[in-house]
Structure formats: structure tokens, C-alpha cells
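Chain and residue survey
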Amino acid sequence: MEGPYIRIEETGAVIPLSGQITTVGRGAGVDIQLTDPSVSRLHAEIVRHGPYAYVADLGLSRNGTRVNGRLIARRVLDDGDVLSFGSARCRVGGIPREDIAAEVELRRSASPELTRRELDVLTSLCRPALSDEAFVAPATAREIATDLVVTEAAVKQHLLRLYQKFRIAEGANRRVRLANEVIALGLVKPLPPAGRPGPPPAPRPDSAGGEPVPAQRAAPAQRAAPAQRAASAQREAPAQRTAQGGLVPAGH
């Protein structure tokens, strides 16, 4: 098949990207209809420019669009790329290969200037989408407020300014569209989840036998030593007093 095409992995169907815009979704009126329930009615679109094509998530689904496992807002496609619309997977083919650095994007330098607090809000917003779990929505204003220990009203004010800076138009799923744009620009990185337990304490060598003894067992042994010395002192006390010409234990 000449020209770009998409292959649906579940059915094996091959659909040419013949038009300038090919819509993808679960609705009856789209060009590529996917039956998976994680796909929205109008999920994404694939836009052709000559032999090239890019995919754009429309921000209308909780589950987003991924290219080779990475959540995206828009991305130029290469031959062999795996597209995930929700949990429905497709593969792109028929795109000419070129020896160019596809990841060098001028749009990164055009990202707006952000304050430290705005970066904190964006990091907290995008953390669920950057986790190992698949198909998760960005954090809500309340979740961000809890994460940053600020009021929900303050978070909403920051989000309004961020919508303006990134030119996110009003409408449904505005937080999702902001998160997609921020992730596509590479402005945030995942953080380790809170509450992750630290590594266990290192074992220490036992002074008698040379075998490693865990630190947790060493502490009770140290606490037991004073009690053993006290019990020994009590047993020795009657004998000491008898030697001094004092008391004799009962029964003698």
C-alpha cells in the first residue's frame, strides 16, 4: 500500500490515511471507528501533509492518546509508531524514513515563562499521567491543593493563569488539554510517589561469631543486658550479706 496507513491491532484491518484529516474514535461518524470502551466518541485526529502525518489528541477523553507508550498532545509520526487511543492499539506504516533528528523541536523554546509555584502546580497536575499506571486522568484542583498544602481557591487561580499562558481555550476537559500540552513540551518530570518505604537498615557484623545481625534484633539484645545484670546482682546480694555476718537465707 502506497502512502501512510494505520493498522488496527485487534482486527488486523488496514486503513489508508488518504484524506487530509482522518478522525479516530468510537462514534459512528468518525473515519476510523474503534469499539474499545476506553475510546471516546471523537478521540483524536491524524493530519496528513504530503508524505508526512501527525496525530493530535482532541482532549475529549479521560484516557488520552499515546505514541509508543508516551502521553502526547500532538506528535509527528514515524514509520512503525504504535498509537494507543485509550487501550486500543494501532500501528502506523507507509511513512518515509528520513535521517533527521525528529526530537529537535523549536516549540520547546516557545514555552511561556513560569513561576516556581506554577511549576509546582503543573508537576502535581501531571503526576498521575506520568506514573507507571496507564490511562489515568490529571489531578483535580482539590488533589493539587492537598499535595501542595494550599487552598483549592489558590490552585484554581494558578490554573486560570496557566490556561492563559498556554493558550488553552475554554471548554470541556481543560485540565486534560493543559496536561497534554505541558507533557508534550517536556516541562515536567515524574516525582517519586509519597510514602514509599525506604530501604531496610544494613546488617552489622556480630562481634562474637562474625555473622551479620540485623539492626532491629540488636536493639532488644542491648535493652536486655541491664535487666540481666540487675537479676544477677539480686541473686548475689544474700551471699554478700551472709559473708558479712548478717542474714542467713530461710531454710538454713
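Residues numbered from 1 in each chain as written. Predicted model: local features only at pLDDT ≥ 70, side-chain atom pairs only at ≥ 80, totals over all residues. Heavy atoms only, no water.

Describing the pairing of strand S5 (residues 44-49)
Working note: regular strand, side chains alternate between the two faces of the sheet. Our working rule: One bridge is not enough; two strands pair if DSSP finds at least two bridges between them. Under the DSSP-based scheme used, a helix requires at least four consecutive residues in state H or I and a strand at least two consecutive residues in state E, with every element numbered from the N terminus.
In this structure, strand S3 (residues 21-25) lies alongside S5, joined through four bridges in antiparallel fashion. Note that in S5 the partner of Ile21 across the bridge is Val47. Sheet analysis places S5 next to strand S6 (residues 52-57), joined by six bridges and oriented antiparallel. For Ile46, the partnering residue across the bridge sits in S6 and is Val55.

A closer look at the pattern of salt bridges
Using the following cut-off: A pair is scored as a salt bridge if a Lys or Arg side-chain nitrogen falls within 4 Å of a carboxyl oxygen belonging to Asp or Glu. Throughout this description, buried means an accessible area under 20% of the type-specific maximum (1.4 Å probe, protein chains only), exposed means over 50%, and partly exposed covers the range between.
What the rule picks out here adds up to 10 salt bridges. Note that Arg142 and Glu152 form a salt bridge whose closest N and O atoms lie 3.6 Å from each other. Of this pair, Arg142 sits in helix H2 (residues 141-148) while Glu152 sits in helix H3 (residues 152-165); the two residues are 10 residues apart in sequence, bridging distant segments of the chain. A residue is classified by how much of its surface remains accessible, and Arg142, at 57% relative accessible area, is exposed. The class of Glu152 is partly exposed, set by a relative accessible area of 28%. Ionic pairing is found between Lys156 and Glu152, a salt bridge with its closest N-O pair at 3.7 Å. Pair noted here: Lys156 and Glu152 are both in helix H3, with a separation of four residues, about one helical turn. Because the salt bridges share partners, they merge into one network encompassing Glu9, Arg89 and Arg91.

A short note on the pairing of strand S11 (residues 88-93)
When strand S1 (residues 5-8) meets S11, the two strands line up antiparallel, connected through four bridges. Paired with Ile6 across the bridge in S11 is Val92. Taken together, the four bridges between strand S10 (residues 82-85) and S11 define a ladder with antiparallel strand orientation. Each bridged residue has a counterpart across the sheet, and for Val82 the counterpart in S11 is Arg91. The hairpin turn running from S10 into S11, its antiparallel successor, is two residues long, and Gly86 in that turn takes a positive phi close to 65°.

Looking at the confidence of the model for the chain
The test is simple: Residue-level confidence of the predictor is what pLDDT reports, using numbers from 0 through 100. When checking whether two residues touch, look at their non-hydrogen atoms; a contact exists if any pair is within 4.5 Å.
Here the chain averages 77 in pLDDT, and 67% of its residues register 70 or above. At the low end of the mean pLDDT range in the chain sits strand S13 (residues 212-213), at 46; at the high end sits S10, at 95. Ignoring residues within four places in sequence, the model shows residues 104-109, a span with pLDDT below 50, making nine contacts including any to other chains. Counting contacts from residues 237-252, a segment whose pLDDT is below 50, to residues more than four positions away or on other chains yields five contacts.

Some points on H2
We count it as follows: In this description, the arc belongs to the directions extending from the helix axis to the C-beta atoms.
Listing the buried residues of H2 in full gives Ala141, Ile144, Ala145 and Leu148. Here the buried residues of H2 occupy an arc of 100° about the axis, which is enough to place them on one side. The outward face of H2, more than 90 degrees from its buried face, is lined by the exposed residues Arg142 and Thr146. Residues of H2 that are buried make contact with helix H1 (116-126) and H3. A positive backbone phi angle near 55° is found at Val149, which sits one or two residues after H2.

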